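# Residue-level structural notes
As a plain string of letters, each chain reads:
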Amino acid sequence: MGWAAAVTTVLLAASPTFVTQGDLTPEPRLRALAASSWESVASRYAEQAGGLPKRAPAAVTLQKGTTLPPGSNGRSRPGVVELRQDTPGVLDDSLLMALPHELAHQLLWWACPASREDRLFHEAFALTVSGELVAWRGAAYQSLSLAAKEVASAPSLDTPRARRGLARILGEHPGFPAALSRRLRQCQDGTRWVSPLTVEELANVAVLAPAEATVVVSRHSGEVLFSLGDVHRAVPYGSTLKPFLYAAGTPPPGAKGAPPPLLAPRRRVQEWECGSGLPAKMDARLALLRSCNGYFLDWEATGQAPRAFGVWGPVLSAVGLSGLPADMTEAIGLRSGQALSPWGLAQAYRLLAEARPDVIALLTGNVEEGTLSGLPASRALKGVATKTGTVRDAASRPQFGWVVAVDADHVLVAVRPGKMPRQFVDELPGVFARVRNLAPGQEAAHVQVFGLLPSASVEARCAGAGFALEDGAPRPVAADFARLDALTAKGPAVCLGSPWRVRFPDVPDGRDYAGVFTWSTPPPYRPPPGVPTTASALKARRGSDFVFRTARFQYMVGVITAEDVTLREEARAALGRVVLHNERHAHGRHPGRAICDTTHCQAFRGTVPTRRNEDIGALKKPPLKWDVWLPFSQGGQTPWREARPRAQVEALLGNRLVALRFEQGRVRYLRTEGDPNSPYEDARSLPCDLVRAGLKLPSCPQRASFDGPQVVFEGQGRGHGEGLDVEAAKASPRFRSSTLILEDAYKAFPVTPPPP
């Protein structure tokens, strides 16, 4: 069988069933045209991507569009194509042009689901394969820069004006657009769709004037906390990637390997003009702080420098670097052959900070002895790791400057057109202050997770770019689910651009965890002698091998959602303040370890979309005055009555129970001891919560009675009944503040002693 025949066979096998409903006519002719159009579009896709998915596509319904906006002849959503038909029974030119365009979207939803949210990629592919470009080429001339602005600023690409601009960009180069070919191969290879297609990537040139952009990302959760300008637009990166060369060529502390060489500065060589007072031999550390191009060029000449960023090349490619550098001049930004977006650079520095804290610590010296020293803002940035970069034109004038700043909780990337980094670095302290005000609670929160599960049963997948860190080096992980214990076996696991999706047998669809996973085996747990403990309680009190780090704000909202998603206003703030307090007082539950995610501590089932405006109040309140773990429970007044087998109760409390009562948070009971000839009754007492948890009762009982082979328990509400009653808090008057709610709940608890 020839190649063409083989492709035809594959296309026929991969053609969907087209369904009509009688509102578009003639139906047989329309279905035949749809099948022919699909075959044409799929053939172009397979030619560029190298194949088609093996799974069959779903059926596609063709129906009349009754609410199409003016100027639009078609619209799609997965599985449905709407078409305009002004005259029944007539398939006019407009409909025939719209049909393959909309089927191109259907094909991408089937063949490349990772690109689902990339509107520019979808529209560019549809225009290219539908045959529409021929019609657009007859339009009046439009400059490439104007076309790029039209596309970049269009709220929707499904308009004649936006399509005209996009057609102009697509027509810039002959043949099938190279950028689309690269992206289609990503589809077929299953590569992550970390960054959306850009106008520059599509046109293969920089067509937009440099524009101001700032982005701030959480180091812990990866959440974008602040964004100004087009932070996804890729532009030349200047010297900002030199720390990745340093990290690739320098072993981390304690690891084997030779450091970069000591090199002698060369006088009267422009690339070695790195400030005054250069030593006779310069090391890589000072070269990085001074951003000394000559050192990096001469390092390459020794044959010892990493090529294409070494182990960090795949990281930079994954976050949107347009291509790996051909040589050192391109790597250090002397030659602007490649580009990266501010968002992508922030993601890369987030991973660098996780993998190589020694490199970040080195960069804190930049404001003292590097490219940002001796400025009024230098003192304000003390302790913050910084790196600068400048992109110049042919006349050596600055096109735009970059500054990257990394503190304990944030990664900030700022780009300014026409400015050197030293001219705008004084803006950075204000940006940090603004972010802390708008998005407080970005400090790290640690929580032991999945302690009740076998470690081997937990799997994780990164929809963005996932990396497992091994001895300070990033290792890309597959896009499919993998065992979490394998991902964290040699270091932290980080997902860039997306939360981790974690699944296990009880939750096959998975939950989102926006943060970093590490493996940390807890010490053996030995229950107190004489205290009954169930197998589940033993697991909870032992803790977990997995420790998850996220931002405190994300952790707080995750706990509130797991405990009571219906909480609002002051009651929600009250619980949020307790959650934050307990995260810092985990020693009461797991000495020397992070807080756990079970009811032994406080429930946490992953991170969730946040309502920042609603929850920001709890973060801005002062710390609580108590110096102990603060318990809380669902509470409420709803009565309940449940029975348990007497054998189960006696397995928990001991055999031959004769009396059982509950008071003041404890269970008091009598057991018959001794031999049958001289029995006696032994009085004992335990915390009531041991009975509640061991017997899985809704709350600590108020009463218990023996009923033959069973024990009947009665009570009200849910939970252990200590501290904050969440249901009571919800029922509080709206004007009652979280502070007053907490004062009532914990009035008997010891407070933190005042400082001396």
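Cut-offs and rules
Residues numbered from 1 in each chain as written. Predicted model: local features only at pLDDT ≥ 70, side-chain atom pairs only at ≥ 80, totals over all residues. Heavy atoms only, no water. Helix = DSSP H or I, 4+ residues; strand = E, 2+ residues; numbered from the N terminus. Buried < 20%, exposed > 50% of the residue type's maximum accessible area, 1.4 Å probe, protein only. Contact = heavy atoms within 4.5 Å. Areas by Shrake-Rupley, 256 points an atom, 1.4 Å probe, with all protein chains shown as cover. Lys, Arg positive; Asp, Glu negative; His and termini not counted. Charge placed at Lys NZ, Arg CZ, Asp CG, Glu CD. 1 Å grid on protein atoms, 1.4 Å probe; cavity = no way out; pocket = protein on both sides within 12 Å on 5 of 7 lines; lining within 4 Å. Points joined across faces, edges and corners; volume = space filled by probe spheres on them. Nonpolar A, V, L, I, M, F, W, Y, C, P; charged D, E, K, R; others polar. Core = buried A, V, L, I, M, F, W, Y, C linked by side-chain atoms within 4.5 Å. Pairing = 2+ DSSP bridges. Axes fitted to C-alpha atoms, helices over the stretch in contact; angles between N-to-C directions. Salt bridge = Lys/Arg side-chain N within 4 Å of Asp/Glu carboxyl O. Parallel < 35°, antiparallel > 145°, perpendicular 65-115°, else oblique. pLDDT = per-residue confidence, 0-100. Disulfide = S-S within 2.5 Å.

## Some remarks on the overall build of the protein
In terms of regular secondary structure, the protein is built from 28 helices and 28 strands. If one aligns the C-alpha atoms of the protein with their principal axes, the spans along those axes are about 105 × 85 × 60 Å. Burial statistics for the protein: of 756 residues in total, 52% are counted as buried. Counting contacts in the protein only where the partners sit at least 6 residues apart, residues at least 24 apart contribute 66% of the total. Summed over its atoms, the accessible surface of the protein is roughly 34,000 Å², and 53% of this surface lies on carbon and sulfur atoms. Computed over 87 positive and 72 negative side-chain charges, the inter-centroid distance for the protein is 3 Å.

## Topic: empty space enclosed by the protein
This model, assessed by the stated rule, comprises four cavities of 30 Å³ or more. Estimated volume of the largest cavity: approximately 100 Å³. If you go around the largest cavity, you meet ten residues; those closest to its centre are Ala211, Ala213, Arg233, Val235 and Val415. Of the residues belonging to the lining of the largest cavity, the class tally is seven nonpolar, no polar and three charged.

## Remarks on the environment of Leu180
Among the structural elements, Leu180 can be located in helix H8 (residues 178-189). C-alpha separation for the pair Leu180 and Gly190, spaced ten residues apart in sequence, amounts to 15 Å.

## Some remarks on the nonpolar core
Looking at soluble globular proteins, one finds that nonpolar side chains tend to be buried together. Counting 66 residues, the largest nonpolar core has Tyr295 and Phe309 as its most contacted members. Residue contributions to this core peak at nine residues, all from helix H15 (residues 342-355). If near-sequence neighbours (up to four positions away) are discounted, Tyr295 is found in contact with Pro260, Pro261, Leu263, Trp272, Met282, Asp283, Ala284 and Ala287. Tyr45, Ala167, Cys187 and Leu197 belong to the second largest nonpolar core, which has 57 residues in total.

## Overview of unusual backbone geometry
In this chain, Thr25 is followed by Pro26 through a cis amide linkage whose omega measures -5 degrees. Phi at Phe309 takes a positive value of approximately 70 degrees, unusual for a residue other than glycine. Among the secondary structure elements, Phe309 is positioned in the loop between helix H12 (293-301) and helix H13 (313-318). Positioned with a positive phi, Lys696 is a non-glycine residue whose angle comes to about 55 degrees. Its relative accessible area of 63% is what places Lys696 among the exposed residues.

## Re the sheet that holds strand E26 (residues 703-707)
Read across the open sheet, the three strands follow the order E22-E27-E26; overall the sheet is antiparallel. Because the sheet does not close on itself, it has two edges, and the strands there are strand E22 (635-645) and E26. The sheet shows a mean angle of 20 degrees between the axes of neighbouring strands, taken without regard to direction. Along the sheet, helix H25 (residues 646-653) makes contact with E22, E26 and strand E27 (710-718), crossing E22 at roughly 100 degrees.

## Structural notes on the environment of Val557
Residue placement: Val557 occurs in helix H22 (residues 552-564). A sequence separation of 64 residues divides Val557 from Lys621, and the C-alpha atoms of the two residues are 15 Å apart.

## Observations concerning the sheet that holds strand E19 (residues 546-551)
Overall, mixed pairing links the seven strands, which are arranged E13-E12-E15-E18-E19-E10-E20 in an open sheet. In this open sheet, the two edge strands, each paired with only one partner strand, are strand E13 (473-476) and strand E20 (595-596). As judged from the four bridges shared by strand E12 (residues 465-470) and strand E15 (residues 493-496), these two strands associate in the antiparallel manner. From the neighbouring strand, Gly466 faces E15, where its bridge partner is Cys495. Sitting on the sheet, H15 is in contact with E12, E13, E15, strand E18 (516-519) and E19, with an inclination near 170 degrees to E15.

## A word on the pattern of salt bridges
Tallied over the entire structure, the rule returns 36 salt bridges. Put simply, Asp512 and Arg501 hold a salt bridge, and the shortest N to O gap is 3.0 Å. Pair noted here: Asp512 is in strand E17 (residues 507-513) and Arg501 is in strand E16 (residues 500-504), with a separation of eleven residues, a long-range link. Given a relative accessible area of 31%, Asp512 falls into the partly exposed group. The network of salt bridges with shared partners includes Arg671, Glu673, Asp682 and Arg684.

## Remarks on the packing of H22 against helix H24 (residues 612-620)
Running from amino to carboxyl end, H22 crosses H24 at an angle of 105 degrees, the nearest separation of the two axes being 11 Å. In terms of orientation, H22 and H24 fall into the roughly perpendicular class. Packed against H22, whose contacting residues are Phe553, Met556, Val557 and Ile560, the element H24 presents Arg612, Asp615, Ala618 and Leu619 at the interface. Residue classes in the contact of H22 with H24 are distributed as six nonpolar, no polar and two charged.

## Section: the environment of Val712
One can find Val712 in strand E27. On a C-alpha basis, the gap between Val712 and Glu642 in space is 5.8 Å, while along the polypeptide they are 70 residues apart. Once residues within four sequence positions are removed from consideration, Val712 is found in contact with Arg641, Glu642, Ala643, Arg703, Ala704, Ser705 and Asp707.

## A short note on the confidence of the model for the protein
With 95% of its residues at a pLDDT of 70 or more, the protein shows a mean pLDDT of 89. Across residues 1-12 the pLDDT falls below 50, and counting only partners more than four positions away or on other chains, this stretch makes nine contacts in the model.

## Regarding the state of the cysteines
Tallying each qualifying case throughout the model produces five disulfides. Sulfur-sulfur distance for the disulfide between Cys596 and Cys601 comes to 2.3 Å. Sign of the S-S torsion, about 110 degrees for the bond between Cys596 and Cys601, identifies this disulfide as right-handed. Using a relative accessible area of 3% as the deciding quantity, one classes Cys596 as buried. Taking relative accessible area as the criterion, Cys601 reaches 7% and is therefore assigned buried. Covalent S-S linkage joins Cys688 and Cys700, the inter-sulfur distance amounting to 1.5 Å. As the torsion about the S-S bond is roughly 115 degrees, the Cys688-Cys700 disulfide counts as right-handed. One end of the pair, Cys688, is in helix H26 (residues 688-694); the other, Cys700, is in the loop between H26 and E26, and twelve residues separate them in sequence. Of the two residues examined, Cys688 and Cys700, each falls in the buried class. Sequence-ordered numbering of the bonded cysteines in the protein gives a disulfide pattern of 1-2, 3-4, 5-6, 7-8, 9-10.

## As for the pairing of strand E4 (residues 80-83)
Of the two faces of E4, the one carrying Val80 and Glu82 and the one carrying Val81 and Leu83 are both buried. Two elements, strand E2 (residues 60-64) and E4, share four bridges in a ladder whose sense is parallel. For Leu62, the partnering residue across the bridge sits in E4 and is Val81. Relative to E4, strand E3 (residues 74-77) is paired through four bridges, and the arrangement is antiparallel. Across the sheet, residue Arg77 finds its bridge partner in E4, namely Val80. Joining the antiparallel neighbours E3 and E4 is a turn of two residues, in which Gly79 adopts a positive phi near 90 degrees.

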